[in-house]
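A look at the structure
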Amino acid sequence: MAKVVATSPLPGVALQRLGAHHQLQVRSGPPLAGWQLADFVGDADALICLLADRVTAELFAQAKNLKVVAVYAVGVNNVDLAAAFQAGVWVTNTPDVLTDATADLTMALLLAVTRRVVEGDRFVRDGRFTGWAPDLLLGTGLQGKLLGIVGFGRIGQAVARRAQAFAMRVAYSSRRPHPEAGIPNAVFVPSVDELLAQADFISLHCPLTAETRHLLHRERLFRMKQGAFLINAARGEVVDEEALVEALAAGHLAGAGLDVYEQEPRVHPGLLQLPNVVLLPHLGSATRETREAMADLVVDNVRAVLAGKPPLTPVVGPGLPPAP
Ligand code: DGY
């Protein structure tokens, strides 16, 4: 019987399903440090892990039986993909099943920050609502404004469709144009800098790679249009958080909606002080339906590999090109 280890329980019954066919060990608790994770994996054939688990080259070197690392997320920046490739280990993720949930949450952040929803909620709870007033908590409208989407994969495209339903104009920057997405009037802007200079709202949907780490560095944040808003439901490290605090505090940016942070779960103390920032605890895919579908996909990937077949949603693996 093959041995599978999981660093956390998952919603739904998927792990139960896996446990009926394989020897399964599930731990819970905070993420394990590198060597502890390697010890936990030991001689297992498969590892199921979360985005906070660092799967390093050292782990691949030690885990001689490992055949698959199934990440319970679409982003796999926590895995040393080049080392996985060299070790001949499959790495899988959970694309598609979380696209709608993440795009919905992106719109929720955009609406919450522009329409001051969280401020309004606090205002009412503090007993400060004394009656309707023409200028009470005025926000910013979306209609006719330009949403700039950085990264036009599945989630970026799903956000574009939603934005068009709000009568927004949409432009995107990405490695290449995406006519196949079939999103009319979504304009391809090859240069991120140009997109930042034009857009009223920027929403980040690129993966975190060596190339995109601090893609929004200080100069770029200050090159964004005066009074623009930034939404980030991708990965915190894509933005220089310290510089973002500066751009918000200086009034260069009008607000931000953030679901992710540079050093999760730590949130920059400067962000906590700013009323024009909506902060969520990495909830992009957090609907019961989505998280159960992600668990099913993780388990289906593991079962496929352990049955000697290719997984359903590989990122890296034998026969695939080396990771970037
Ligand atoms: C992902 O899948 O990468 C998300 O960030 C998890 O919600």
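All residue numbers refer to positions counted from 1 along the written sequence of the respective chain. Predicted model: local features are reported for residues with pLDDT of at least 70 only, side-chain atom pairs are reported and counted for 80 or more only, and whole-chain, interface and lining totals are derived from all residues. With hydrogens and water excluded, all non-hydrogen atoms of the structure serve as input to the side-chain values.

**Thoughts on the overall build of the chain**
Here a helix means four or more residues in a row that DSSP labels H or I, a strand means two or more in a row labelled E, and each is numbered from the N terminus. Along its length, the chain carries 12 helices and 13 strands. Radius of gyration here uses only the C-alpha atoms, and the compact-globule reference equals 2.2 Å multiplied by the residue count raised to the power 0.38. Expected size for 324 residues packed as a compact globule is a radius of gyration near 20 Å; at 21 Å, the chain falls within 12% of this value. Dimensions of the chain, computed from C-alpha atoms along their principal axes, come out at roughly 70 × 45 × 30 Å. Burial classes: relative accessible area under 20% of the type maximum marks a residue as buried, over 50% as exposed, and values in between as partly exposed (1.4 Å probe, protein chains only). Within the span of the chain, comprising 324 residues, buried residues form 51% of the whole. Two residues form a contact once any of their heavy atoms are found within 4.5 Å. If you take every contact in the chain between residues at least 6 apart in sequence, the share linking residues at least 24 apart comes to 58%. The charged-residue count follows a simple rule in which Lys and Arg add positive charge and Asp and Glu add negative charge, with His and chain termini not counted at all. Every charge is mapped to an atom, namely NZ of Lys, CZ of Arg, CG of Asp or CD of Glu. Across the chain, 29 positive and 31 negative side-chain charges occur, with their mean positions spaced 3 Å apart.

**As for the nonpolar core**
As used here, the term nonpolar core means buried Ala, Val, Leu, Ile, Met, Phe, Trp, Tyr and Cys residues forming a set that is joined through side-chain atoms within 4.5 Å. Core analysis: the largest hydrophobic core is formed by 46 residues, its most contacted members being Ile48, Ile149, Phe152 and Val302. A domain split of this core shows at least three residues from each of domain 1 (3-97 + 288-316) and domain 2 (99-279). If we skip the residues at most four places from it in the chain, Ile149 touches Gly156, Val159, Ala160, Val170, Ala171, Tyr172, Ser173, Leu195, Ser203 and His205. Grouped together as the second largest cluster of nonpolar side chains are 33 residues, Val192, Ile202, Leu216 and Leu274 included. The split of the chain into domains comes from an automatic or database domain assignment.

**A look at the site of the ligand**
In the neighbourhood of the ligand, the contacting residues comprise Leu51, Ala73, Val74, Gly75, Leu98, Arg235, His282, Ser285 and Arg291. One nitrogen or oxygen atom from the side chain of His282 is found 2.7 Å from an oxygen atom belonging to the ligand. In isolation the ligand exposes 230 Å². Once the protein is present, 91% of that is buried. Nonpolar residues are Ala, Val, Leu, Ile, Met, Phe, Trp, Tyr, Cys and Pro. Charged residues are Asp, Glu, Lys and Arg, and all others, Gly as well, are polar. Each residue belonging to the shell around the ligand can be placed in one class, and the counts come to four nonpolar, three polar and two charged. Nearness here has a simple test: a residue counts as near a molecule or strand if at least one of its heavy atoms is within 4 Å of that partner. What qualifies as a polar contact is a pair of N or O atoms within 3.5 Å, subject to a donor-acceptor requirement within protein and to the restriction that residues adjacent in sequence count only when both atoms come from side chains. Accessible areas in this description were obtained via Shrake-Rupley with a 1.4 Å probe; residue shielding takes into account the shown protein chains only.

**Quick word on empty space enclosed by the protein**
Put plainly, a pocket is an open set of points on a 1 Å grid over the protein atoms alone with protein on both sides within 12 Å along at least five of seven lines, a cavity is a set where a 1.4 Å probe fits but cannot get out, and a lining residue has an atom within 4 Å of a point. Grid points are joined across faces, edges and corners, and a volume is the space filled by probe spheres set on the points. What the rule picks out here adds up to one cavity of 30 Å³ or more. Its volume calculated, the largest cavity comes out at about 30 Å³. Lining the largest cavity we find Asn232, Gly236, Val239, Glu241, Leu244, Leu258 and Val260.

**Thoughts on helix α2 (residues 34-41)**
Among all positions in α2, only Leu37, Ala38, Phe40 and Val41 are buried. All buried residues of α2 fall inside an arc of 160 degrees around its axis, so they share one side. Opposite the packed face of α2, turned more than 90 degrees from it, sit the exposed residues Trp35 and Asp39. Against β1 (3-6), β2 (23-26), β3 (46-49) and α3 (57-62) lie the buried residues of α2. In the stretch just after α2, Gly42 is the one whose phi turns positive, near 50 degrees. It is the directions from the helix axis to the C-beta atoms whose arc is reported.

**Some details on the domain arrangement of the chain**
Taken domain by domain, the chain holds domain 1 (3-97 + 288-316) and domain 2 (99-279). The distance between the C-alpha centroids of domain 1 and domain 2 comes to 31 Å. The interface is formed by nine residues belonging to domain 1 together with six residues belonging to domain 2. Buried area is calculated as the accessible area (1.4 Å probe) missing from two parts once they are joined, with the contributions of both summed. Looking at the side of domain 1 facing domain 2, the largest losses of area belong to Leu51, Asn77 and Asp96, adding up to 62% of the total buried there. Should a side-chain nitrogen of Lys or Arg be within 4 Å of a carboxyl oxygen of Asp or Glu, the pair is scored as a salt bridge. Joining domain 1 to domain 2, the criterion identifies one salt bridge. Across the pair Arg154 and Asp96 runs a salt bridge whose closest N-O atoms are separated by 2.7 Å.

**Some words on the sheet that holds strand β12 (residues 277-279)**
One open sheet accounts for seven strands, arranged β8-β7-β6-β9-β10-β11-β12; its pairing is parallel. Both outer strands of the open sheet, β8 (186-188) and β12, are each paired with one neighbouring strand and no more. Averaged over all neighbouring strand pairs, the angle between strand axes comes to 20 degrees, with direction disregarded. Bridge analysis of strand β7 (residues 169-173) against β8 gives three bridges, and the strand direction is parallel. When the bridges of β8 are listed, Tyr172 appears paired with Phe188. With axes taken as lines fitted to C-alpha atoms, and helix axes fitted only over the stretch in contact, angles between N-to-C directions fall between 0 and 180 degrees. Lying on the sheet, helix α7 (residues 154-165) is in contact with β6 (146-150), β7 and β8; it crosses β6 at an angle near 170 degrees. For two strands to count as paired, DSSP must find a minimum of two bridges between them.

**Some thoughts on the pattern of salt bridges**
Within the structure shown, the criterion is met by 16 salt bridges. A salt bridge links Asp296 to Arg17; the nearest nitrogen and oxygen atoms lie 3.3 Å apart. Separated by 279 residues along the polypeptide, Asp296 in helix α12 (residues 288-306) and Arg17 in helix α1 (residues 14-19) bring together distant segments of the chain. According to the relative accessible area criterion, Asp296 is partly exposed, its value standing at 31%. Between Asp104 and Arg162 there is a salt bridge, with the nearest N and O atoms lying 2.7 Å from each other.

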